[in-house]
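# Coordinate analysis (summary)
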Amino acid sequence: MNQSSKAPTSFAKKLVSDLKVDDAVLENLERFVGLLFKWQTAKNLVSRETLSEVWDRHILDSSVLSRLVQSPAVWIDLGSGAGFPGLVTAILQKRFDKQGHVHLVEANTRKAAFLRTVIRECELSASVHNFRIESLPKPPDLTADFLSARALAPLDDLFSYASPYSQNGTVCFFHKGREIDGEIKRASNTWCFDLIKHESASSDDGFIVEVRNIREKG
């Protein structure tokens with residue numbers, strides 16, 4: 001395995017301490033990162049500038065969801081891309097005796113192929129839906145406990161995607177940046193919702209917003 005795919009010692013110790021992961025889960029994360037490095041050369045899965053910071057920039061930021069939800073669950077991850085946060089969530093769920101399941105929604109065919117490869121190599125309880133978010137089955141055909149999205153779209157667009165699931169009881173987690181307050185204000189013109197902001201683990205100006213009861217006004 002590429003040495004750069006190994007978890008830094010300080011990071012590994014923190015993950016083991018905070019989330020009680022065992023060596024097998026940590027090895028799965030390293031296998032995932034190793035595959036990311038391998039595929040990146042040909043497929044350009046993440047920006048080249050952030051690849052050298054993959055553990056702090058991508059893995060740590062994605063792992064916050066598993067700190068907020070400390071039990072096995074069914075997730076829908078919208079616009080999964082290279083697997084952040086969806087694959088990290090699926091890997092960290094392996095620390096439970098009973099796993100949940102992660103539905104990864106990704107329209108890009110090459111990225112969907114990468115997601116399937118990681119699922120197979122790491123033996124994850126997850127599945128890939130290779131189509132646009134608008135084509136995703138709505139409740140009751142597809143239900144989940146939680147829904148996630150990272151660096152995908154402004155909040156008002158995310159609410160449009162997520163509202164059918166939120167009205168069915170799904171709790172949403174969206175990774176957002178420094179413009180979050182403006183996005184919340186704009187979204188409130190069209191949507192009613194209950195929202196809590198959580199600080200990001202990887203950025204001083206990043207947040208994860210926890211949203212419930214999304215419903216369109218009027």
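As shown above, the structure is provided for reference.
Residues numbered from 1 in each chain as written. Predicted model: local features only at pLDDT ≥ 70, side-chain atom pairs only at ≥ 80, totals over all residues. Heavy atoms only, no water.

### Concerning helix H2 (residues 23–43)
Along its 21 residues, H2 runs 29 Å from first to last C-alpha, staying within 8% of the 30 Å computed at 1.5 Å per residue. Trailing H2 by a residue or two, Asn44 shows a phi angle of about 50 degrees, which is positive. (Helix = DSSP H or I, 4+ residues; strand = E, 2+ residues; numbered from the N terminus. Expected span 1.5 Å × (residues − 1).)

### Focus: unusual backbone geometry
Note the cis peptide between Phe84 and Pro85, where omega equals 5 degrees. If you trace the backbone, Pro85 turns up in the loop between strand S1 (74–78) and helix H5 (86–92). A cis amide bond links Pro139 with the next residue in sequence, Pro140, at an omega value of 10 degrees. Residue position: Pro140 is located in the loop between strand S3 (126–129) and strand S4 (146–150). If you check the backbone angles, Glu123 has positive phi at about 55 degrees while not being a glycine.

### Topic: the pattern of salt bridges
Side chains that differ in charge, positive against negative, can pair when their charged atoms come close. What the rule picks out here adds up to nine salt bridges. Of the charged contacts in the structure, one is a salt bridge between Arg57 and Glu53, with a shortest N-O distance of 3.3 Å. Its relative accessible area of 38% is what places Arg57 among the partly exposed residues. Look at Glu53 and you get partly exposed, because its relative accessible area is 39%. Lys176 is the salt-bridge partner of Glu183, the closest N and O atoms lying 2.9 Å from each other. Salt bridges sharing common partners tie together Lys14, Asp18 and Arg67. (Salt bridge = Lys/Arg side-chain N within 4 Å of Asp/Glu carboxyl O. Buried < 20%, exposed > 50% of the residue type's maximum accessible area, 1.4 Å probe, protein only.)

### So, the sheet that holds S3
With respect to topology, seven strands assemble into an open sheet ordered S3-S2-S1-S4-S5-S7-S6, the strand pairing being mixed. Sheet topology places S3 and strand S6 (191–199) at the edges, where each strand pairs with a single neighbour. The average undirected angle you get between the axes of adjacent strands in this sheet is 20 degrees. Sheet topology places S1 next to strand S2 (residues 101–105); five bridges connect them, and they run parallel. Residue Leu78 lies in a different strand from S2, and its bridge partner there is Val105. Running at roughly 165 degrees to S6, helix H8 (residues 180–187) makes contact with strand S5 (171–176), S6 and strand S7 (207–216) of the sheet. (Pairing = 2+ DSSP bridges. Axes fitted to C-alpha atoms, helices over the stretch in contact; angles between N-to-C directions. Contact = heavy atoms within 4.5 Å.)

### Quick notes on the pairing of S1
Among the five residues that make up S1, four are buried, leaving the element largely enclosed by the rest of the structure. With H5 bridging S1 and the parallel S2, this β-α-β connection has right-handed handedness. Here four bridges tie S1 to S4, and the two strands are oriented parallel to one another. Across the sheet, residue Asp77 finds its bridge partner in S4, namely Ser148. (Right-handed = clockwise from strand over helix to strand, strands pointing away.)

### Thoughts on the packing of aromatic side chains
By the definition in use, this model includes 10 aromatic pairs. Their ring planes at 45 degrees and their centres at 6.3 Å tell us that Phe159 and Phe174 sit as a pair that is tilted. Remark: Phe174 occurs in strand S5 and Phe159 occurs in helix H7 (residues 155–166); sequence separation between them is 15 residues. Ring centres of Phe159 and Phe193 lie 4.8 Å apart, and the angle between their planes is 55 degrees; this geometry places the pair in the tilted category. Of this pair, Phe159 sits in helix H7 while Phe193 sits in strand S6, and the two are 34 residues apart along the sequence. Phe193 shares its class with Phe159; the two are buried. Among the aromatic residues, those joined into a ring-pair cluster are Phe32, Trp39, Phe84 and Phe114. The ring of Phe207 carries the charged tip of Lys197 above its face, separated from the ring centre by 4.7 Å. (Phe/Tyr/Trp six-rings, centres within 6.5 Å; stacked < 30°, edge-to-face > 60°. Lys NZ or Arg CZ within 6 Å of the ring centre and 35° of its normal.)

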